[in-house]
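Analysis of the macromolecular model
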Amino acid sequence: MKKLVIIPAYNECGSILKAVRDIREHAPGFDYVVINDCSTDETLDICRKYGLNHVNLSVNLGIGGAVQTGYIYGCQYGYDMAVQFDGDGQHDGAYLEMMAEKLLETGSDMVIGSRFIEREGFQSSGLRRIGIWYFSMLLLLLTGKRVTDPTSGMRMVNREVMRIYAQNYPKDYPEPESVMAILRMGKKVTEVPVVMKERKEGTSSIGGFRSAYYMIKVTLAILMERLRR
């Protein structure tokens, strides 16, 4: 089976090469593509210098647009499954084969790497854990399905969900909303325990006053997604 790692990257010059090397070493059965989201640092230069497989976006589309570009790429080149993998060094390529096996064994449409099943490794800040718990409870209330880590950026999907996301994917802070979308369609979502690392380079896009905007925006998006037919 053809397996693709989608690495959205915006100003990740300090970690993108490490992320790709991690995949090459620990998940050799996967291809990868870096989606450079019009970075203003040296991310593109590093991709070119080291011959990294990449797509360069001429305008900044945000995390949702970058990930959707990866799904479009995966569909065009005939991949059977794709996994989102952050370019900031928080994710571990050693879990990718296990996630692929779980996707096939369970007949799932999505497998999410959750840091909150065994609660090992970096657990995020206290304030963010409250937000994650809130979205988990909101999804449970609206769908009856418990997702312990709905904001995890480490998620693997099959070909059918790849096609869905290639056509329509949330633009801002897409993780909880995109999970809601496929749960609404009756798709099967499974979680597996993973250990994540703390970001060493770059800065998060969620911080300060944007945290409040994030909570309100994503809540409304999830509610609107639930009401869609």
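Residues numbered from 1 in each chain as written. Predicted model: local features only at pLDDT ≥ 70, side-chain atom pairs only at ≥ 80, totals over all residues. Heavy atoms only, no water.

**Examining the environment of Ala66**
Tracing the chain through its elements places Ala66 in helix α3 (residues 62–76). Residues in contact with Ala66, not counting those within four places in the same chain, are Pro8, Ile35, Asp37, Leu57 and Leu61. (Helix = DSSP H or I, 4+ residues; strand = E, 2+ residues; numbered from the N terminus. Contact = heavy atoms within 4.5 Å.)

**Focus on the pairing of strand β4 (residues 81–84)**
Regular strands place their side chains on alternate faces of the sheet. Side chains of β4 alternate between two faces, with Met81 and Val83 and Ala82 and Gln84 buried alike. Pairing geometry for strand β1 (residues 3–9) and β4, over four bridges, is parallel. Paired with Lys3 across the strands is Met81, a residue of β4. Sheet topology places β4 next to strand β6 (residues 155–158); three bridges connect them, and they run antiparallel. Among the inter-strand pairings, Met81 is bridged to a residue of β6, identified as Asn158. (Buried < 20%, exposed > 50% of the residue type's maximum accessible area, 1.4 Å probe, protein only. Pairing = 2+ DSSP bridges.)

**Looking at the environment of Ser114**
Relative to the elements of secondary structure, Ser114 occurs in strand β5 (residues 110–114). When the C-alpha positions of Ser114 and Val33 are compared, they lie 23 Å apart, and in sequence the two are 81 residues distant. Sequence-distant contacts of Ser114, that is, excluding residues within four places in its chain, are made with Thr148, Asp149, Glu191, Val192, Pro193 and Val194. Polar contacts involving the side chain of Ser114 include one to the main-chain amide nitrogen of Phe116, which spans 3.1 Å. (Polar contact = N/O pair within 3.5 Å; in protein donor to acceptor, adjacent residues only side chain to side chain.)

**Comments concerning the packing of α3 against helix α6 (residues 159–167)**
Here α3 crosses α6 at 130°, and the two axes come no closer than 8 Å. Considered as vectors, α3 and α6 are oriented oblique to each other. Crossing of α3 against α6: the hand is left-handed. The residues of α6 that touch α3, namely those facing Gln68, Tyr71, Ile72, Gly74 and Cys75, are Met162, Arg163, Tyr165, Ala166 and Gln167. For the contact of α3 with α6, a count of residues per class yields six nonpolar, three polar and one charged. (Axes fitted to C-alpha atoms, helices over the stretch in contact; angles between N-to-C directions. Parallel < 35°, antiparallel > 145°, perpendicular 65-115°, else oblique. Left-handed = near helix turned anticlockwise from the far one by under 90°. Nonpolar A, V, L, I, M, F, W, Y, C, P; charged D, E, K, R; others polar.)

**Side note on a nonpolar patch on the surface**
A cluster of nonpolar side chains, Ile216, Leu220 and Leu223, forms an exposed patch at the surface whose accessible area comes to about 280 Å². Within the fold, Leu223 resides in helix α8 (residues 210–227). Looking at Leu223, the relative accessible area reads 34%, which means it is partly exposed. (Patch = residues over 30% accessible without salt bridge, like charges linked within 9 Å, V, L, I, M, F, W, Y side chains within 5 Å. Areas by Shrake-Rupley, 256 points an atom, 1.4 Å probe, with all protein chains shown as cover. Salt bridge = Lys/Arg side-chain N within 4 Å of Asp/Glu carboxyl O.)

**Notes on the pattern of salt bridges**
On inspection of all chains with the given rule, the structure shows six salt bridges. We note a salt bridge from Arg159 to Asp80, for which the minimum N-O separation is 2.0 Å. Taken as a pair, Arg159 in helix α6 and Asp80 in the loop between α3 and β4 lie far apart in primary sequence, 79 residues in all. Among the residues examined, Arg159 registers a relative accessible area of 36% and is labelled partly exposed.

**Considering unusual backbone geometry**
Of note, Asn11 is a non-glycine position whose phi angle comes to about 55°, a positive value. Asn11 gets classed as partly exposed once you look at its relative accessible area, which sits at 23%. At Cys38, a position not held by glycine, the phi torsion is positive, near 55°. Considering the arrangement of structural elements, one finds Cys38 in the loop between β2 (31–36) and α2 (43–49). Judged by its relative accessible area of 28%, Cys38 is partly exposed.

**Some details on the side chain of Thr43**
In this structure, Thr43 sits in helix α2. A distance of 2.9 Å separates a polar side-chain atom of Thr43 from the backbone nitrogen of Glu12. Within the local environment of Thr43, its side chain forms a polar contact with the side chain of Asp41, the two groups lying 2.7 Å apart. In contact with Thr43, not counting residues within four places along its chain, are Ala9, Asn11, Glu12, Cys13 and Asn36.

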